[in-house]
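Structure assessment
Next come the chains, spelled out residue by residue.
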Amino acid sequence: MAFNYKPYIREDKFPNIWCPGCGIGILMKAIIRAVHKMGWKREDVALVSGIGCTSRMPGYVNFNTLHTTHGRALAFATGIKHARPDKHVIVVSGDGDALAIGGNHFIHACRRNIDITLIVLNNMIYGMTGGQVSPTTPAGYRASTMPYGNVEPNFDTVNLAIGAGATYVARSTVNNPALMERQIKEGLQNKGFSVIEVVSNCHIQFGRRNKMGDQLVLRHWIKEREVPLRKAKDMSPEELEGKFVIGTFVKKTRPEYTEEYAKMVERVKGASK
Amino acid sequence: MAKRLEVMSGNEAVARAAIAAGCRFYAGYPITPSSEIAEKMAELLPKVDGKFIQMEDEIASMAAATGASLAGLKSMTATSGPGFSLKQENLGFASMVEAPVVIVDVMRGGPSTGLPTFPAQGDVMQAIWGTHGDHAVVVLTPGTLEEVYLETVRAFNIAEKLRTPVVLLLDEIIGHMTGDVMIPDDSELEIIDRPKPTVPPEEYLPYDDSYGDVPPMGSYFEYPFHTTGLHHDKTGFPTTNPVKCGALIERMLRKVFGNREWLEKNVEHYTEDAEILVFAFGSTGLAAEVAVKWAREQGIKAGLLRPLTLWPFPEKRVYDLAEKAKAVVVAEMNLGMMIREVERAVRGVTPVYGVLKANGQPIEPPEILAKIKEVA
C-alpha cells in the first residue's frame, strides 16, 4: 500500500515553491517516511532550516517548524535541543546554507556531537538567489558568478563532517530515495550529531548553465558519477575525482552533548547537597 | 523587608538577577568587558537545572538563545560592541518571530575592536536601530549596582510580557564596578511570564492579534507552530499581502511604543525647579548626579534626568522639564548620539549643550559641572 503522507504535510500550503522536477520534494518525502518509521509523534519533532530553496521545507510539514536566518539553522537548533533534550531536532540545509555562511556552525555541531540530524541537500548551486557559485559547485562548471567556469575547488561534505567529529555520516543522491530514507532513519537513530548529504538536481540554476537544463539529464549526470562506497575503497583518488561516493562512512559512538551536560548538572547538584 | 547586603560587580549582578528573574538558558561567546556574565551564568545555571552553552560565535549565541526561548525557556546572551554588531542579524529575527530574549551589551570603546578595556556609550544607536528594517526594541540603562540587579529583572519581565528582545545596555564602568549591593529576596521580586495560550494546541495561532498587540506565546512541542523571519500572518506562515505585512510591522512597533507609559522609568534629582537640566544615563548619569549636587551647593539650580529606560525615549518628560529650564546639558561617552534624541524631544524650546567624549575615559563630575556653570 502506498505510504500516506497526508498526516505529515500541510496540504493548504501547496503548491510548493520548488521548480517542477526539483529533488527537494524527494528528500522531504524521505524525511517524512523516516520519521514515521521512528514512530515519533509529530509534536515531538522540530524541523529547523536556514535560508534557501531547501530551507523552505519546514513550511510544508506538520512538525514544530522554524525557518531561520541564512546559515544559522544549526545554532537555533542547538538552542532548541539544549532546552528540550527529550525532543527530536532535525535540520535541513542547502549546500550554501550549511557549508558557506553556516560553515562555522556546521563544524562545531559536529564537534559537540549534539543529538541533531542535519540533512544537507547539495545541488551544487545557490538556487533561490539565481545560480551563484557555491562551495560544492564542481570546478570548471558555470554559475552566474563564475560565468567562465568555476575556478575554486569544492568542499567534500562527508570528509568535512568526519574531520569535525560527526558520529553518523552518510551520502546518497536524489536517484536513491530508498537509500536516502534508510540513511536518514539511521541518522535519527544515532544518539549524536548526524550528517547526511543528499546530492540533488537543480536543473534550472545549475543545469541550464551547464547544458543540463532537463532534470532527467542532470539526474543522469549525477547517476553516472555515483560510486558505491565498497567499490570506492578499491579506487585511487584520481579515479574518484568528481565522483559522488554513496554509502555510510561513519557510524560510531561518542559522548553526546546534552547527555554530558545532564551528567554535569547531576554532579554539580550532588556536590552542593 | 528581607534584603541582604552583598559585594559584587555589575556583571555579576546581571547574572545573579537573571537567575532570580527565571532565566534558565544562556548562550554566549567570550568578549571583554562582558565575559564575567557568561562565567557566572556557567556557574549558576547548572545549580538550578538551567542550560548554559558557549557557542562558536556571537551570531550562534544569539540564535541559540532565541531557539531556547521558542522552546519555552527564559533566555539571555551578553556581549560588547563588536559582538553586539554580530548579534544584530538574529536580534532582528527574535524581534520578527517575537521571541523574548535579553541581550546584555557592556559597552567599550569603538568602532571596531576599539578600546576593549575602556568604557564608552557609543552603542546607543546600535542598541536602538542596529538591526535592519522597522522594528522596536526596549533599551534599559541602569546606573547603580542595585539598579543593575533590578533592571535585569525588569528586562526579563518586559521581554516576556511584550514578546520582544530587550537590550540591557551597560558600559565597562558599570560592568566592572564592584561594591555593596542590597539584594532583594526573590519573594519580593515581581516576575512576569510570557502570556500563555488558552486554546488547545490544534487551534493555536502564534500571532493571533485578536488577543491584542501581544499574542499568547506557546512553546515548541507543547504548541507546535511554524514561524519564520519572513513577513507572516497570524498563522506564522509567510505572506506578501501588503495589508497583512503592514499590520504586522505596525503591531510590533505598537507593542513597544504603545506601552511607553508602562516602560518609562527615570531617576530624577532636583528637577522640580531645575533651570539647568542635565540628561545623562549609565555611569555618566552617576557622574552627573555628583555634578548636579555640586552645582546646587554653589547656588545653581541644576537638576538631573537619568533614564533607566532609554528606549522608548522619555520624550515627553524631557520636553516638560526642558520647557521650564533655560538650558539642557547632555553628557554621554560618545560624540553626540542621544543628544540628537534630546534635541528632537526639546523641539527648540531650550538650547541644548553637550558634554561629549569618546577617548576611552569616563566623563567626570567636574567636566559636567563646568558646562553647567558655563550655560547657567
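Keep in mind that this is a model prediction, so the values were computed, not measured.

Counting its secondary structure elements, chain B contains 13 helices and 16 strands. A globule of 376 residues ought to have a C-alpha radius of gyration of about 21 Å, and chain B, at 21 Å, matches this closely. Seen through its principal axes, chain B has C-alpha atoms that stretch 70 × 45 × 45 Å. Expressed as a percentage of its 376 residues, the buried residues of chain B come to 59%.

Right, let's get into the nonpolar core. Grouped together as the largest cluster of nonpolar side chains are 186 residues, with contacts concentrated most on I80(A), V278(B), V328(B) and I368(B). Among the elements that take part in this core, helix α6 (residues 145-162) of chain B stands out by supplying ten residues, more than any other. Once you skip the residues sitting within four places of it in the chain, I80(A) turns out to touch A46(A), V48(A), V89(A), G67(B), A68(B), L70(B), A71(B) and Y220(B). If you look at the next biggest cluster of nonpolar residues, it comprises eight residues, including I125(A), Y126(A), C202(A) and F206(A).

Let us look at the interface of chain B and chain A. Taken together, the 34 residues of chain B in the interface contact 33 residues of chain A. The dominant element in the side of chain B that touches chain A, judged by the number of residues it contributes, is helix α3 (residues 58-70) of chain B, at nine residues. Partitioned by chemical class, the residues of the side of chain B that touches chain A number 20 nonpolar, eight polar and six charged. Both strand β2 (residues 64-67) of chain A and strand β10 (residues 226-228) of chain B contribute to a ladder of three bridges, which runs parallel. When the bridges of β10(B) are listed, T65(A) appears paired with H226(B).

Glancing now at the packing of helix α10 (residues 282-297) of chain B against helix α13 (residues 365-375) of chain B. Each pair of packed helices gets described by two things: the angle between the helix axes and the distance between those axes. All names here are of chain B. Where α10 contacts α13, the axes come no closer than 8 Å and their chain directions differ by 50°. With respect to α13, the axis of α10 lies oblique. The interaxial crossing formed by α10 with α13 has right-handed handedness. Of the residues in α13, those touching α10 at A287, A288, V290, A291, W294 and A295 are P365, I368, L369 and I372. Split by residue class, the contact of α10 with α13 holds ten nonpolar, no polar and no charged.

Moving on to the sheet that holds strand β16 (residues 352-356) of chain B. Residues and elements named next belong to chain B. Spatially, the five strands line up as an open sheet ordered β11-β13-β12-β15-β16, and their pairing is mixed. Edge positions in the sheet fall to β11 (266-269) and β16, since each has one partner strand and no second. Averaged over neighbouring strand pairs, the angle between their axes works out to 20° when direction is ignored. Where strand β15 (residues 327-332) lies against β16, five bridges are found, and the strand directions are parallel. When the bridges of β16 are listed, E332 appears paired with L356. Across the sheet, helix α12 (residues 338-346) is in contact with β12 (276-279), β15 and β16; its angle to β15 comes to roughly 160°. Along the sheet face, α13 touches β12, β13 (302-307), β15 and β16 and points at about 160° away from the line of β15.

What follows covers unusual backbone geometry. It is generally the case that most residues other than glycine have a negative phi and that most peptide bonds are trans. For the peptide bond that leads from F14(A) to P15(A), omega is 5°, which places it in the cis range. Inspection of the secondary structure puts P15(A) in the segment before α1 (24-38). Of note, the amide linkage connecting G110(B) to P111(B) takes the cis form, showing an omega dihedral of 0°. With respect to the helices and strands, the residue P111(B) is situated in the loop between β5 (101-109) and β6 (115-119).

Attention shifts here to the domain arrangement of chain B. All names here are of chain B. What the domain assignment lists for chain B is domain 1 (3-188), domain 2 (201-260) and domain 3 (267-375). Among the secondary structure elements, those contributing two or more residues to the side of domain 1 that touches domain 3 are β6, α5 (124-129), β7 (138-140), α6, β8 (165-171) and α7 (172-176). Tallied by class, residues from the side of domain 1 that touches domain 3 come to 16 nonpolar, six polar and three charged.

Rules and cut-offs
The numbers attached to residues start from 1 for each chain and follow its sequence in the written order. By the order in which they are written, chains take letters starting at A while ligands take numbers starting at 1. Owing to the predicted nature of the model, reporting of local features is limited to residues with pLDDT of at least 70; listing and counting of side-chain atom pairs is limited to 80 or more, with chain, interface and lining totals taken over all residues. In this description a helix means any DSSP run of H or I spanning at least four residues, a strand means any run of E spanning at least two, and both kinds are numbered starting from the N terminus. All radius of gyration figures rest on C-alpha atoms, and the globule criterion is 2.2 Å times the number of residues raised to 0.38. With C-beta atoms placed from the backbone, the exposure class of a residue follows from how many other C-beta atoms lie within 10 Å of its own: 20 or more, buried; 12 or fewer, exposed; in between, partly exposed. A set of buried residues qualifies as a nonpolar core if it consists of Ala, Val, Leu, Ile, Met, Phe, Trp, Tyr and Cys joined through C-beta atoms within 7 Å. In this description, any two residues whose backbone-derived C-beta atoms lie within 7 Å of each other are considered to be in contact. Three classes are used, and their members are as follows: Ala, Val, Leu, Ile, Met, Phe, Trp, Tyr, Cys and Pro are nonpolar, Asp, Glu, Lys and Arg are charged, and the others, Gly among them, are polar. For two strands to count as paired, DSSP must find a minimum of two bridges between them. Axes, fitted as lines to C-alpha atoms, cover a helix only where it is in contact. Angles between the N-to-C directions of the axes lie from 0 to 180 degrees. Each angle receives one of four descriptions, namely roughly parallel if under 35 degrees, roughly antiparallel if over 145, roughly perpendicular if within 65 to 115, and oblique otherwise. Should the near helix be turned anticlockwise from the far one by less than a right angle, the crossing is left-handed, and should it be turned clockwise, the crossing is right-handed. Per the annotation, domain bounds derive from an automatic or database assignment of domains.

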